[in-house]
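Per-entry structural report
Residues per chain, in single letters:
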Amino acid sequence: MDIKRVKDYIYWLYYQYLLITCSYVLEPWEQSMFHTITVTVFAMVVYTAYVFVPIHVRLAFEFFSQMFGGHPESTV
């Protein structure tokens, strides 16, 4: 892929983002505040998923393995 096509595709994705969120009608300072809040919330969701999803998957795996006849782990 050449650089121009990638650049155009990124601009197109950003334009789609503006259209979906209706943030193209905001003033520039409102847009920057909206984008800051959106990126912050997205980062918090990704961090929370990164930290807590593996813990819950492990606990669910242990629960179902004990339920379906798995051997309990030794606590020694």
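Residues numbered from 1 in each chain as written. Predicted model: local features only at pLDDT ≥ 70, side-chain atom pairs only at ≥ 80, totals over all residues. Heavy atoms only, no water.

In the nomenclature of an unreviewed UniProt entry, the protein is known as Serine palmitoyltransferase small subunit B of Rissa tridactyla. Within the UniProt record for the protein, the comment given under Subcellular location (unreviewed entry) is "Endoplasmic reticulum membrane". What the UniProt record of the protein gives under Sequence similarities (unreviewed entry) is the line "Belongs to the SPTSS family. SPTSSB subfamily." (UniProt positions renumbered as here; feature names shortened; annotations may be inferred.)

It is worth spelling out the side chain of Gln31 at this point. Considering the arrangement of structural elements, one finds Gln31 in helix H2 (residues 28-67). You can call Gln31 buried: its relative accessible area is 18%. Those residues in contact with Gln31, other than ones at most four positions away along the chain, are Leu18, Ser23, Tyr24 and Leu26. (Helix = DSSP H or I, 4+ residues; strand = E, 2+ residues; numbered from the N terminus. Buried < 20%, exposed > 50% of the residue type's maximum accessible area, 1.4 Å probe, protein only. Contact = heavy atoms within 4.5 Å.)

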